Amino acid sequence: MALEAEVAFDPAGRTTGAMAADAEDLNEDGRLDLLVTNFNSQGTSLHTNVGGMRFVDRGNVVGLGMTMFKYSTFGARFLDLDNDGDPDVLLPCVGEPPRLLRNEGGNRNRWRGVRLVGTRSGRDAIGARVAVTAGGRTQALERVDAIEVRWPSGHVDRFPGTAANRYVTLTEES
Ligand SMILES: [Ca+2]
Ligand SMILES: [Ca+2]
């Protein structure tokens, strides 16, 4: 499958260590892209999902290849460390402090982030579904009227809309 998806090799056709991976929709096209870390001298691969289960390695294009060239990286985790709505990445390295790469590309869209706290459901609310309603349509627009959370317990809470470009914590009504 890795061969068919074109994630088994670097852009020069060489095999890589493929030590760790994480997925995130980095270009906001609705398809998960794939970051794969490798041994030193192999760089880090950033496989852009081009659809049809095919990927193009853009690690060198965005600077990941050279930035991580001298490190053997055994982990990868996307997270928004600076709370600006775009994914940054944490890369633990063998024999070196972990590398934190801040996304300087920026999130050009309006966004809202929610942190869910379950009470009847598990604390982390794994499996909850969040729907955002704006102007009668259920999607993220500039003005949000309501946020509905369907918790794993089956309970449904409806919260008022939030301002754009910030995170909010929503707690399950007990
Ligand atoms: Ca994508
Ligand atoms: Ca960020």
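Please refer to the structure higher up on the page.
Reference entry: report on the structure contained in this document. The model shown is predicted, which means the values in this text are computed figures rather than measured ones.

1. Regarding the environment of A125
(1) Moving on: Position of A125 among the secondary structure elements: in the loop between β8 (112-117) and β9 (129-133).
(2) Moving on: A tally of 22 C-beta atoms within 10 Å means that A125 is categorised as buried.
(3) Moving on: For A125 and P152, which are 27 residues apart along the polypeptide, the C-alpha to C-alpha distance reads 6.5 Å.
(4) Moving on: Non-local contacts of A125, meaning those with residues more than four positions away in its chain, are made with L116, V117, G118, W151, P152 and E172.

2. Brief notes about the sheet that holds strand β11 (residues 156-160)
Each strand in a sheet pairs with its neighbour through backbone hydrogen bonds, running either in the same direction (parallel) or in the opposite one (antiparallel).
(1) Moving on: The three strands are arranged β9-β10-β11 in an open sheet whose pairing can be described as antiparallel. Looking at which strands have only one partner, the edges of the open sheet turn out to be β9 and β11. Ignoring which end each strand starts from, the neighbouring axes of this sheet average 20 degrees apart.
(2) Moving on: Pairing of strand β10 (residues 146-150) with β11, which is carried by five bridges, proceeds in the antiparallel orientation. Within β11, the position partnered with V149 by the bridge is D157.

3. A short note on the nonpolar core
(1) Moving on: Listed in full, the eleven residues of the largest apolar core are V7, L35, V36, L46, F55, L64, M68, Y71, A76, V89 and L91.
(2) Moving on: With residues near it in sequence (within four places) discarded, A76 still touches A20, A21, D22, L35, T37, V89 and L91.
(3) Moving on: Counting six residues, the second-largest nonpolar core is a separate cluster that includes V144, I147, V149 and W151.

4. Looking at the environment of F9
(1) Moving on: One can find F9 in the loop between α1 (2-5) and β1 (20-24).
(2) Moving on: Residue F9 is classed as partly exposed on the basis of its C-beta count, with 14 C-beta atoms lying within 10 Å.
(3) Moving on: For the pair F9 and S45, spaced 36 residues apart in sequence, the C-alpha separation works out to 9.2 Å.

5. Quick look at the sheet that holds strand β4 (residues 54-57)
(1) Moving on: Strand order in this open sheet of four strands is β1-β2-β3-β4, and the pairing throughout is antiparallel. A strand with exactly one partner marks an edge of an open sheet, and here the two such strands are β1 and β4. Pairwise comparison of adjacent strand axes, ignoring direction, gives a mean angle of 25 degrees for this sheet.
(2) Moving on: When strand β2 (residues 33-37) meets strand β3 (residues 45-51), the two strands line up antiparallel, connected through three bridges. By the bridge assignment, L34 is partnered in β3 with H47.

6. Some words on the pairing of β4
(1) Moving on: Only one face of β4 is covered, namely the face carrying F55 and D57; the face carrying R54 and V56 is uncovered.
(2) Moving on: Relative to β4, β3 runs antiparallel, the two being bridged by four bridges. Bridging from a neighbouring strand, H47 pairs with D57 of β4.
(3) Moving on: The antiparallel hairpin formed by β3 and β4 contains two residues in its connecting segment, where G52 sits at a positive phi of about 65 degrees.

What counts, and where the lines are drawn
Residues numbered from 1 in each chain as written. Chains lettered and ligands numbered in written order. Predicted model: local features only at pLDDT ≥ 70, side-chain atom pairs only at ≥ 80, totals over all residues. Helix = DSSP H or I, 4+ residues; strand = E, 2+ residues; numbered from the N terminus. Buried ≥ 20, exposed ≤ 12 C-beta atoms within 10 Å, placed from the backbone. Contact = placed C-beta atoms within 7 Å. Pairing = 2+ DSSP bridges. Axes fitted to C-alpha atoms, helices over the stretch in contact; angles between N-to-C directions. Core = buried A, V, L, I, M, F, W, Y, C linked by C-beta atoms within 7 Å.

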